[in-house]
Amino acid sequence: MEHIETIVDECRRLHLKAALGAMQNYLLLHQGKVSAAVNDEFASVSQAYDMMVSTWRRGLPDSRREQLYSELTRRCCQAAAQLQTDSMRDSSSCLARMHSEALGHRNDWSYDSLRSSLETFVAERDMLQLEQPHVRQAKEQRLYQAHGVLMDDVFNYFATLGPMGRFADDVKELLVAPTIEPQDQQLMVSAVTLALLNVFDMGKLQVLAHAYVCSPSEAVRQRALVGLALGTDDSMCRLYPEMAELMQQVARERPDFVQELTELQMQMVFSLETEDDARTMHDEMLPDIIRNSRVRITPKGIEEMEDDPVEEMLHPEQAEQRIEAMEKTMKRMADMVKQGSDIYFGGFAQTKRQPFFSAVSNWFVPFYLQHPGIQQAWQQSNMQRLLERMISTGGFCDSDCYSIVLLFNQVQQHLPQNVVELMQKGEVAMMDAQWDDVPHSSPAFLRRSYLQNLYRFYRIHPARADFASPFADTSYLFFARSVTASVVDEQHVCQVASFLIKHRRTADAARLLSAREAQTATAACHLLCAHAALRYPDLFSHDAEYHYGQAMRLDPDSVRAIAGKARLLFEREQYAEAGRLYSTLAVMRPQHTAYQLSAAACQASQEQYDEALQTLFRISYEQPDNPDVERVLAWTLMAAGRYDEALRHYDRLVLPSLTGRDRERVASADGSSVEDLQNRAYCLWLCGRTDEAVQALSVGGMPVSSSDEQFLIARGITPTEIALMREQCTNAGI
C-alpha cells in the first residue's frame, strides 16, 4: 500500500511525472495482479502526457495545456485509487467476501438494471394491498426475502466500489428518485460513505452532496450530510479545487447546511464520549435501578422479591424512598439521552455477536419489521405490542432496534410471570417512558441515530480494522478542515470551539481556532483563542495576551477579556498593569469582592502596602467571615512587616482546624490550606518564635519553598537560617 500512497501523494502535489514513474514501478512489481483497466488507463495517461510534453518542448501553443495537465493528474490519481481499492480487497477477507458476493449474485450493475430492480420491489409491494390477507402474508415474506438479498448485494457493491467516474451521475439519480424506497436509498448512502472514507473519490463526494441537496427524504439527506462532512479531504484540495466550490454550492442551495454541520460536529463529540457514558450506566445507574427495584437476579433468572410486612411496619418510608431514588436515576438517564449521550452502547455491545450482524449491511439498514433477518424472532414473540412501543419511544438507533427484537425472546423466559403479563399489555412504565422529546423524524434525531449505527460498527465489528474510522484520533474534527472553513462563519466556529472546551477537548478547540486565527474578527472568538493559547501556545501565531487585548479592543466592556488579561499579567508579575485592570473591574462589578482583593494584591506586590491595607480593612469590616479576605489581608500585613497583626489573622484562618498533629487532617480540615499553614509558620518565624515555626512547618507538611526564600531574606531571615529550618523539618519527617 505504501507504493500506492506514493503515487497518490505525488498526484496531490500535482507532480504528474513523478506519479507516473511511481505507478510504472508498481505495475512492474505486480505484473499479472493488476486489472487490465488500470494498465490501459496508465498507458493512455502516459501517452497523453508524453504528447503534451513534446508539444510544449517544440514551443507550440496550447490553450488547453493547463486543463489537460490537471485532467491527466486526476486520471492518474483515480487509477491509483482503484489500485488502493483492489489492494484493500485483496488484504481483507471481509471486503473480498462482500465484493465477490455482489458480483456473484448479479452480473448487470448498470443503472437501468439496478433502477428497474429497485422500482419493481416498490411496485410489487404496493400491489400486495390488493391480495387477500392469507395470500398477502406469504407473498410479502417472499418479496422481502428476495429484496433483502438484493439490498445486501447493492450495499456490498457500493461499499467495495472504486472510483465511480461516470457512474456517479447514475448513482445520483438512484439516490433521489421518488420511485425508489427511501430505506434502500439510505442504505446505498451508507455504502457510498464507507467506500469514500476508505479511499477518497471526488465522484462519491459529489454523489453525497447531490443526495443531501435534492433528496425528498429527510433520513436520506441526513445520512448524506454525515458522509459529505466526514468524506472531505484537505490533502486533495490542490488536485480538486472544486471541493470547496461544491461545499459553497451546497450552502447556497441549502440555507440550513451550516447550522446542520455545526450540530453534526457537536454530535460527533457525544459519539466519542459513548464509552464514558456506558461506564456511567454500568457503574452508577444500573446498580441504582437494581438496588431500588423489587427484583433480584438469580442463576434461574430474574425473580420478584416478596414484600416484608415487618420491614414495612418498621420503616414505612423506605418504599417511597426507593421509588424516589428510582425516579431520580431514570430522570438522569433521560436527561443524558436528551443532551445527546448514547447510554445504550454498553448494554447492546454484546448483542452484536448475533449472526444477524455478520452481514455488514445490517449494521446500517434502517429498521423495518419486515426485515427477513428478524422475521422469525418477531413472529415468535408474544410481546409485539411492547416491542413496538419500546422501539417507537426509546430513542434507539436502527442497529439496537434489531438487537432488541432478536434478544427479547431470550429475555422474556427469565422474567417473572406477572411482569411478562404487564409487558404483554404494554403497562410497564419504565419500558413505556418517553426518553427523548426530540421527534424521531427530526434531522437532529436522524443524525444522532445514524452516528450511533456508525459508532457501533467502527468500534465492535470484527473487521473494523479494514475500514477507515471517522472516530479515530482527530478525524472527527471536520470543522478544522479548510474545505469546511470555506462555508462556516466565525459564529459557528466559536460555537463548536466553546462546546469542545466544555467537553474537555481544549487541544481540538485550539486546532480549530488556530486554523482561523488570522481571520478572527469578534471579541468572543478572540477570548476562545486566548483560552486555548494559554494551554497550547505553539499552535497559535499570537499569544493569549494579544487575543485578550484584541477582545478588549472590540468589546471594551467585556469583563471576561479584562479579567483574563489581568490574571495573565499578574502571573507574569506585571502588577502595575494588572492592578489597573482589576481596579477597572472593581468599578464595573462592585459586588464581586474578588476583583477588589486582586487589585489590593497587586498593590501589595508593588509594596504599596498602605493603599492595599486601606482597601482590605474596609472589605474585612464589611465581610468579617470571608476567608478569602482574611487570607489576602494576613499576607499583606506580613509583607508589610506587621507580623503580630498578620499572625492574628492567620490564627483565625488556621487554628480552628488544628485538632491534632496529624498533618493530613490539618491540611484538609475546614478548607484550611497548606499555604495558610506555611504562611502562619513564616509569621511565627519572623516574630522570633522559631521553635513554634519549626513545629508549624512540620504539621503543615511543607518545608521552606524555594519561591519564598527571597521574601524571607528581604525580611531578615538569613540563608543559613533557611538551611537550618529545612534541616529541622527534614528531621521532623518532612
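Here the structure is a predicted model, which means the values were calculated and not measured.

Student: Just give me the short version of the overall build of the protein chain, but keep the residues and values in it.
Tutor: Secondary structure summary: the protein chain contains 38 helices and two strands in total. Out of the 734 residues belonging to the protein chain, those deemed buried represent 50%. Here the analysis covers contacts within the protein chain between residues at least 6 apart in sequence; of these, 68% occur between residues at least 24 apart. For the protein chain, the exposed area adds up to about 35400 Å²; of that, 50% sits on carbon and sulfur atoms.

Student: An account of the packing of helix α7 (residues 133-159) against helix α9 (residues 182-198) is requested, with residue identities and associated values reported.
Tutor: It is at 7 Å that the axes of α7 and α9 come closest, and there the two elements cross at 25 degrees. Relative to α9, α7 is oriented roughly parallel. Taken as a pair, α7 and α9 cross one another with a handedness that is right-handed. From α7, H147, M151, V154, F155, F158 and A159 reach across to α9, where they touch D184, L187, M188, S190, A191, V192, L194 and A195.

Student: Account for the packing of helix α10 (residues 202-214) against helix α11 (residues 218-231), with residues named and values stated.
Tutor: Two measures define how a pair of helices packs: the angle their axes make with one another and the distance between the axes. For the pair α10 and α11, the least separation of the axes is 8 Å and the interaxial angle reads 145 degrees. For the crossing formed where α10 meets α11, the hand is left-handed. Where α10 abuts α11, its residues L205, L208, A209, A211 and Y212 lie against V220, R221, A224, L225, G227, L228 and G231. The residue inventory of the contact of α10 with α11, partitioned by class, reads nine nonpolar, two polar and one charged.

Student: An account of helix α1 (residues 2-12) is requested, with residue identities and associated values reported.
Tutor: Along α1, the residues classified as buried are I4, I7, V8, E10, C11 and R12. Next to the buried residues of α1 lie α2 (16-29) and α4 (65-91).

Student: Go over the nonpolar core, please, and point to the residues and values.
Tutor: Core analysis: the biggest nonpolar cluster contains 181 residues, and I7, F158, L261 and F364 have the highest contact counts within it. For I7, the contacting residues outside a window of four places in its chain are A19, A22, M23, Y26, C76, A80 and L83. Formed by 38 residues, the second largest nonpolar core is a distinct cluster that contains A600, L684, L686 and L712.

Student: Describe in detail the environment of W378, supporting the description with residues and values.
Tutor: Locating W378 in the fold gives a position in helix α18 (residues 375-380). With 28 residues separating them along the chain, W378 and L406 place their C-alpha atoms 7.6 Å apart. Discounting residues that sit within four places of it in the chain, W378 has contacts with L369, Q384, L387, E388 and V405.

Student: Break down the side chain of D400 for me, citing the residues and quoting the values.
Tutor: For D400, the position within the fold is in helix α20 (residues 398-412). Since its relative accessible area comes to 0%, D400 is described here as buried. Looking at D400, its side chain comes within polar contact range of the side chain of K352, at 2.9 Å. With residues near it in sequence (within four places) discarded, D400 still touches Y344, F348, K352 and R456.

Student: Give a detailed account of the pattern of salt bridges, specifying residues and quantitative values.
Tutor: If you walk through the whole model with that rule in mind, you get 34 salt bridges. R572 is the partner of D543 in a salt bridge, and the nearest nitrogen-oxygen pair spans 3.8 Å. In this pair, D543 sits in the loop between α26 (523-535) and α27 (544-554) while R572 sits in the loop between α28 (559-571) and α29 (575-588), placing the two residues 29 residues apart along the sequence. Residue classification places D543 among the partly exposed positions, given a relative accessible area of 37%. For R572, a relative accessible area of 36% gives the class partly exposed. Between R642 and E645 there is a salt bridge whose closest N-O contact spans 2.8 Å. The class for E645 is partly exposed, based on a relative accessible area of 23%.

Student: Tell me what's going on with the packing of aromatic side chains, and back it up with residues and numbers.
Tutor: Geometrically, a pair of aromatic rings is defined through the distance of the ring centres and the angle of the planes. Per the stated rule, a full pass over the model turns up 26 aromatic pairs. Measuring from ring centre to ring centre gives 5.9 Å for F348 and F396, while their planes differ by 90 degrees; the resulting arrangement is edge-to-face. Here F348 is found in helix α17 (residues 345-348), whereas its partner F396 is found in the loop between α19 (384-393) and α20, with 48 residues between them in sequence. Each member of the pair F348 and F396 is classed as buried. A cation sits over an aromatic face here: R715 above F711, 3.9 Å from the ring centre.

Student: Can you tell me about the environment of Q614, naming the residues and giving the values?
Tutor: Here Q614 is to be found in helix α31 (residues 609-622). Sequence-wise, Q614 and A600 are 14 residues apart; in three dimensions their C-alpha atoms are separated by 8.9 Å.

Student: Could you give an account of unusual backbone geometry, naming the residues involved and the relevant values?
Tutor: Not every positive phi belongs to a glycine, and L14 is a case in point at roughly 65 degrees. Mapping L14 onto the fold places it in the loop between α1 and α2. In this structure, R504 is a non-glycine residue whose phi angle is positive, near 60 degrees. Looking at the element boundaries, R504 is found in the loop between α24 (490-502) and α25 (506-515).

Procedures and definitions
Residues numbered from 1 in each chain as written. Predicted model: local features only at pLDDT ≥ 70, side-chain atom pairs only at ≥ 80, totals over all residues. Heavy atoms only, no water. Helix = DSSP H or I, 4+ residues; strand = E, 2+ residues; numbered from the N terminus. Buried < 20%, exposed > 50% of the residue type's maximum accessible area, 1.4 Å probe, protein only. Contact = heavy atoms within 4.5 Å. Areas by Shrake-Rupley, 256 points an atom, 1.4 Å probe, with all protein chains shown as cover. Axes fitted to C-alpha atoms, helices over the stretch in contact; angles between N-to-C directions. Parallel < 35°, antiparallel > 145°, perpendicular 65-115°, else oblique. Left-handed = near helix turned anticlockwise from the far one by under 90°. Nonpolar A, V, L, I, M, F, W, Y, C, P; charged D, E, K, R; others polar. Core = buried A, V, L, I, M, F, W, Y, C linked by side-chain atoms within 4.5 Å. Polar contact = N/O pair within 3.5 Å; in protein donor to acceptor, adjacent residues only side chain to side chain. Salt bridge = Lys/Arg side-chain N within 4 Å of Asp/Glu carboxyl O. Phe/Tyr/Trp six-rings, centres within 6.5 Å; stacked < 30°, edge-to-face > 60°. Lys NZ or Arg CZ within 6 Å of the ring centre and 35° of its normal.

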